[in-house]
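Residues per chain are reported as follows:
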Amino acid sequence: FRGVILRRRGAPVAPLPSLRFLALSGNLPGAFSPALRTVDLSKNSFSGRIPSSLLQIRSLRTLVLSHNSLSGEIPKTVSSPLVHLDLRNNRLSGGVPPLPVTVVYLSLAGNRLSGRVGGVLRRLTRLSFLDLGGNWFSGEEPGEVFSFRIGYLQLRKNAFSDELRPAGRLPSGSTVDLSHNALSGRVPAELASAAAVYLNGNKFAGAVPAEIVAAAEGGRMRVLFLQDNFLTGISVRGLPSSAPVCAHWNCVAPPPTVVAACPAKGGRGRRRPPAQCGGRRG
């Protein structure tokens, strides 16, 4: 669409003071109703920056701008009492500003965002869904997030580093994807409560904790991806047929049960050359 759309008897959308839901496609209007509670402008071709006025609507609870071509930084002042914020799959850059503590659902995946996010995330204690995958975030992953009631935690394909120190356990049945970062140290036992854990493509070392092994063997953990790390102990004896567990390309050969469970395309059965493992034993 080109030009102004969504007119009502010749008047544009913006001056409708009683408007409480807006879902449209085409060009982004220049102003928004101050009574809006939900704005969904996803899956369009909007470009340019996110209007700062949009994130200052006092009644706005849900904002979905995903799958567009929006660029620039997220406005530094977010005063709307947002519960649901979805900005994934755009071209946003810069850091993440302070967000309202009311946020329950946060997706910023598939952008060009960078910097540290620990200070922002620690305040969002109501989070149940967090997806920051496919950005350039760095620094440590805040351990406090693991004490929240998050059912889906997606931080894959960033530059998070240092040791992972969860401050608690995620809810039973949750999904945790920390793959393709630069996390180091030992695999935390606190992850044993999750139903799906993706730690592949990091720098974890040492042995897999007994709690995690027991969860996989007992079928409570349905997915466990540990490949492409520096692990030296993977003591898994038996696995349910429905549990894909993959642990190749570590500093110890994966046991036969794990080789059989790993997807074939993952390069089953291989281990790192000893020269890459330094003094690690396995």
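Residues numbered from 1 in each chain as written. Predicted model: local features only at pLDDT ≥ 70, side-chain atom pairs only at ≥ 80, totals over all residues. Heavy atoms only, no water.

For the protein, the name recorded in an unreviewed UniProt entry is Leucine-rich repeat-containing N-terminal plant-type domain-containing protein, with Aegilops tauschii subsp. strangulata as its organism.

## Describing the packing of aromatic side chains
All chains considered together, the criterion is met by four aromatic pairs. Seen in terms of ring centroids, phenylalanine 129 and tyrosine 152 are 4.8 Å apart; in terms of plane orientation they differ by 10 degrees. Their pairing is stacked. Taken together, the positions of phenylalanine 129 in strand E10 (residues 129-131) and tyrosine 152 in strand E12 (residues 152-154) put the pair 23 residues apart, joining distant regions of the chain. Ring geometry for tyrosine 198 and phenylalanine 225: centres 5.4 Å apart, planes at 75 degrees, overall edge-to-face. With a gap of 27 residues between them, tyrosine 198 in strand E16 (residues 196-198) and phenylalanine 225 in strand E18 (residues 223-225) connect regions that are remote in the sequence. Judged by its relative accessible area of 17%, phenylalanine 225 falls in the buried class. Looking at arginine 272, its charged tip hangs above the ring of phenylalanine 230, at a distance of 3.9 Å from the centre. (Phe/Tyr/Trp six-rings, centres within 6.5 Å; stacked < 30°, edge-to-face > 60°. Helix = DSSP H or I, 4+ residues; strand = E, 2+ residues; numbered from the N terminus. Buried < 20%, exposed > 50% of the residue type's maximum accessible area, 1.4 Å probe, protein only. Lys NZ or Arg CZ within 6 Å of the ring centre and 35° of its normal.)

## Notes on helix H2 (residues 210-217)
Within H2, burial applies to Ile212, Val213, Ala215 and Ala216. The arc that holds every buried residue of H2, seen down its axis, measures 160 degrees, which confines them to one face. On its buried face, H2 is in contact with E18 and strand E20 (245-246). Note on H2: the residue one or two positions beyond its end, glycine 219, has a positive phi of about 85 degrees. (Arc of directions from axis to C-beta. Contact = heavy atoms within 4.5 Å.)

## Considering the nonpolar core
Within the largest apolar cluster, 67 residues are counted, with the highest numbers of intra-cluster contacts made by Leu54, Leu63, Leu106, Leu121, Leu127, Leu130 and Leu153. Broken down by secondary-structure element, the contributors of at least two residues to this core are helix H1 (118-121) and H2. For this core, the element with the most residues is H2, which contributes four residues. Each of domain 1 (32-182) and domain 2 (184-281) accounts for three or more of the residues forming this core. Those residues in contact with leucine 130 that sit more than four places away from it in its chain are Leu106, Leu121, Val145, Ile150, Tyr152, Leu153, Gln154 and Leu155. Residues Ala196, Val223, Phe225 and Cys262 belong to the second largest nonpolar core, which totals five residues. (Core = buried A, V, L, I, M, F, W, Y, C linked by side-chain atoms within 4.5 Å. Domains from an automatic or database assignment.)

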